[in-house]
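Letter by letter, the chains look like this.
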Amino acid sequence: MSGDSRPSRRRDLWDDEGPEGTETPTAATATPVTKGEDADSPPSRRSRRREKEGKKRPVLLLALAALLVLALCGVGAFAALGGDDSTDSACGDRAITVAATPEIAGPLEEALAKVKESNQCAAFDVTPTSAADAAKNINEGQAPDIWIPDSSTWIDAIDASKTKGQWIEGQSIASSPVVLASGADQTKKVMDFPSWGTLVNKDGGLRMANPDTDTASRLAFHASRIGQPDRIGLETGSRLIFMSRFAAPSLTKLFADYTADQKKTQPFPASEQQIAAYNEDNPDVTPLRAVMPAKGTLSLDYPWIMNPELSGEVLKTADSARTELGTLTMREALTQAGFRESNGSGGPEVAGQPAAKLVELESLDRDERIAAVDQWDKMRTDMRMLAVVDASGSMERPSPTPGMTRWEVTKGALSKGASILPAGSEVGAWIFSTDQSKGKDYRQISPVKRLDSADGAGSHRDKLGKLIEGSDQYLGGDTALYDSIWAAHQKMVKEYDPEYVNSIVVFTDGENDDPNGGLTLKQLLTKLDDAYDSKKPVRVITIGMGEANPTALQKISDETGGTSYIAETPDDIERVFVQALLARSGR
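Residues numbered from 1 in each chain as written. Predicted model: local features only at pLDDT ≥ 70, side-chain atom pairs only at ≥ 80, totals over all residues. Heavy atoms only, no water.

A description of the environment of serine 195 should follow, citing residues and the corresponding values.
Examined against the element boundaries, serine 195 turns out to sit in the loop between strand 5 (176–183) and helix 5 (196–201). What makes serine 195 buried here is its relative accessible area of 15%. Distance from serine 195 to alanine 223, taken between C-alpha atoms, is 8.3 Å for residues 28 residues apart in sequence. Not counting chain neighbours up to four residues away, the residues in contact with serine 195 comprise Pro293 and Lys295. (Helix = DSSP H or I, 4+ residues; strand = E, 2+ residues; numbered from the N terminus. Buried < 20%, exposed > 50% of the residue type's maximum accessible area, 1.4 Å probe, protein only. Contact = heavy atoms within 4.5 Å.)

Any chance you could break down the nonpolar core for me, citing the residues and the numbers?
The biggest cluster of nonpolar side chains holds 51 residues, and the ones touching the most others in it are Leu108 and Ile148. Per-element accounting of this core gives the leading share, six residues, to helix 3 (residues 102–118). Setting aside residues no more than four positions away along its own chain, isoleucine 148 makes contact with Val98, Ala99, Ala100, Thr101, Ile104, Leu108, Ile173, Tyr302, Pro303 and Trp304. In terms of nonpolar packing, the next biggest core, distinct from the first, is built from 31 residues, Met383, Leu421, Leu451 and Ile543 among them. (Core = buried A, V, L, I, M, F, W, Y, C linked by side-chain atoms within 4.5 Å.)

Requested: an account of the pattern of salt bridges, with residues and values cited.
Per the counting criterion, the structure on display carries 19 salt bridges. Residue lysine 253 is joined to aspartate 257 by a salt bridge in which the shortest nitrogen-to-oxygen separation is 2.8 Å. Of this pair, lysine 253 and aspartate 257 both sit in helix 8 (residues 251–260), four residues apart, which is roughly one turn of that helix. The salt bridge involving glutamate 495 is made with arginine 384; its shortest N-O contact spans 3.5 Å. Here glutamate 495 is found in the loop between helix 15 (481–494) and strand 15 (501–508), whereas its partner arginine 384 is found in strand 10 (residues 383–390), with 111 residues between them in sequence. Owing to a relative accessible area of 33%, glutamate 495 belongs among the partly exposed residues under this scheme. (Salt bridge = Lys/Arg side-chain N within 4 Å of Asp/Glu carboxyl O.)

Please provide a residue-by-residue account of helix 3, values included.
If you check helix 3, its first and last C-alpha atoms are 26 Å apart, about what 17 residues at 1.5 Å a residue would give, namely 24 Å. Its axis deflected by about 30° at leucine 108, helix 3 carries its strongest bend there. Considered for burial, the residues of helix 3 that qualify are Glu103, Ile104, Ala105, Pro107, Leu108, Ala111, Leu112 and Val115. (Expected span 1.5 Å × (residues − 1). Bend = angle between axes of the 7 residues up to and from the residue.)

Explain the packing of helix 3 against helix 10 (residues 312–325) to me, and be specific about the residues and the numbers.
Relative orientation of the contacting elements helix 3 and helix 10 amounts to 110°, with a least axis distance of 10 Å. Here helix 3 lies roughly perpendicular to helix 10, going by the angle between them. When the axes of helix 3 and helix 10 are compared, the crossing they make is right-handed. On the side of helix 3, the interface is formed by Leu108, Ala111, Leu112 and Val115, while helix 10 contributes Ala321, Glu324 and Leu325. Partitioning the contact of helix 3 with helix 10 into residue classes produces six nonpolar, no polar and one charged. (Axes fitted to C-alpha atoms, helices over the stretch in contact; angles between N-to-C directions. Parallel < 35°, antiparallel > 145°, perpendicular 65-115°, else oblique. Left-handed = near helix turned anticlockwise from the far one by under 90°. Nonpolar A, V, L, I, M, F, W, Y, C, P; charged D, E, K, R; others polar.)

Break down the sheet that holds strand 3 (residues 146–148) for me, citing the residues and quoting the values.
With respect to topology, five strands assemble into an open sheet ordered 2-1-3-9-4, the strand pairing being mixed. Lying at the two open borders of the sheet, with one neighbouring strand each, are strand 2 (124–128) and strand 4 (171–172). Sheet topology note: the strand 3/strand 9 (residues 303–306) ladder contains two bridges and is antiparallel. Across the sheet, tryptophan 147 pairs through a bridge with isoleucine 305, a residue of strand 9. Set on the sheet, helix 3 makes contact with strand 1 (96–100), strand 2, strand 3 and strand 9; between it and strand 2 the angle comes to about 170°. (Pairing = 2+ DSSP bridges.)

Spelled out as C-alpha cells, the structure:
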C-alpha cells in the first residue's frame, strides 16, 4: 500500500511503505554500499586513499564525498543497532487501535488474538474506554481506528463539525437487554413491572445513574419517553427533577452501594450481562435479579464502528476482523462472557433464573433521543429564578375553575412549583401592579436565595411558602406589565450567576395597562434586545391567563430565548409552570 493512500492526519501513526510492502528508502538506507567496502569500516578510508594518490578533485566532488561518508555512517549505525533488510516486516509496526466499552474489551481482545493466527499482519491494541469518553476523544481529534461503544445511540454524541468523514453505525457483534437490577434484600425490591415508562414516570423505588455517562440508564430513560407527550405534568416533572438530582455518577457506584448495604439501596437499570458479571464477581452478596419489563426494553448492541478515515490494507484488516467476530467460535466466546447474540437470542442465567424472553422496543429517533437527554440535563441543573406575579385587581376575578379566583390558582401553582425545585436552586418573588411601592410598579416580597438556606425559623423554601400564602394584601391596581419585566430583567442581569440557569417567570392575567405611562411593547423589546449578553443570558418565561395578550407575551419571551404559555385551570397552570422550570434553552 502506498503511503499516499493513507489520510494525512495519520501519517505520524505508522511508517510509509513502498510498492512491495517494504519500507520506503530514506536518507539512511537508500545509498548502496560499494562492492568490497565494509559498511562498518572508518568513513574516512576512501578519502585517505585518494589523498595518497595525489589526485585533486573539484570542490563539488569533495562535497559529494562528504555526503557519501554521512550515508555510510548511517548504514553503519543501522547495522550496529541490529537493523537488517532481512528483519524488515512487510506488515509495518502499527497496531490497529480499538476503543471498546469496558465489559466487552476483555472477550474482544481474546477474540482478536484469534484473528492474528490467520493474518500475521493483524495487530490490535484494545483499550477499555467508556462510550462517553470515546465520543469525547473522537470530538477532540483523538479517534481510534475502531470504536465499539455499548450502544449505537452514542453516535449521537459525535460532533460532525469536529471530525473528518461520517461515523456510521456498524454491525452489532453482541447484545444485552437493559433490565432492572433488583435484590431480594432491598427494602423496595421490584420483581416485576410493566414498563420503563411506568417505573420512571409514576412508581417509586428506582435510582438511575447519569444518562450522560451511563448507557443502561440512558436507554432506560429513552424507553420511558416512548409514547410520552413532549410536555410533562407536575407529578412526572417532580419525579424526574428528584431522580436527576440524586442520580449516581456511574453504574459502578450503584453496584458499589449495593455491595455495601443491600437493604438501603434501590433497584437500578443495568444490562443483563453486567448483572450476571457482578453476581459472579461477588458470590458473598445476595445476588441481583435481572427483571425484564413486561412490555419490552431496549438493548445494548455493541456495534463495530470503523473510523471513516481508514483506507487500504488497514481498512481491509479491520474489516476482516469484524467478519471473524461473526464466526461460531467468536460468538460462543462472547456468549460465555454473558452476552446475547446480536439478534437478542440466548442470554446468561442470572440469580438462578434463565434468561427472560426479550421484547425489543423500537428506539426513539435521533432527534427524540437528543431531546430526551437534553431534558434530563435541564432538570438536573440548579436554577436561579425570579417569579414576577401579577397582583392587579383583575386577579381577584373568578377563574374557569368554580370557586377559585385567578389569584388562588396562581398561588397554588407557585406553592407546588416551589416545592419540587431542588434544594440548591435559588428563588425569589416580586408582585406587580401600579403604584406598589414608593411610586414603583413592583414590590419584592422575597429576595433570590437558595431554597435550603436558613431564613428565619426555617429554610428559605419554608419562608417563601408563607409569603405566597400571605400575599393577598398586595392585590389591587392596574397591570404595569412592561415596566415590571424590564426592572426584573435588569436586576437578574446585574446579579447574574454563571453557575445557574438564570430566568424570570412572569404570571399575568391581562395586557399592559399603566395609567402612569411607562414602556410600550416596542420599547421593551428594544431594551431587551440591546441588553442581551450571550455571557449573561436571562430568559423571560411568560404564563398568561384571562385577558392576557398571547402575542405580546410570546414576543417578550422570544426576545430573550424563553417560552410562553397560556393557562386557565389549576391543572393547566401547574403543568405549564413545570414546563417553565424545564424551559432553559438559550437564545
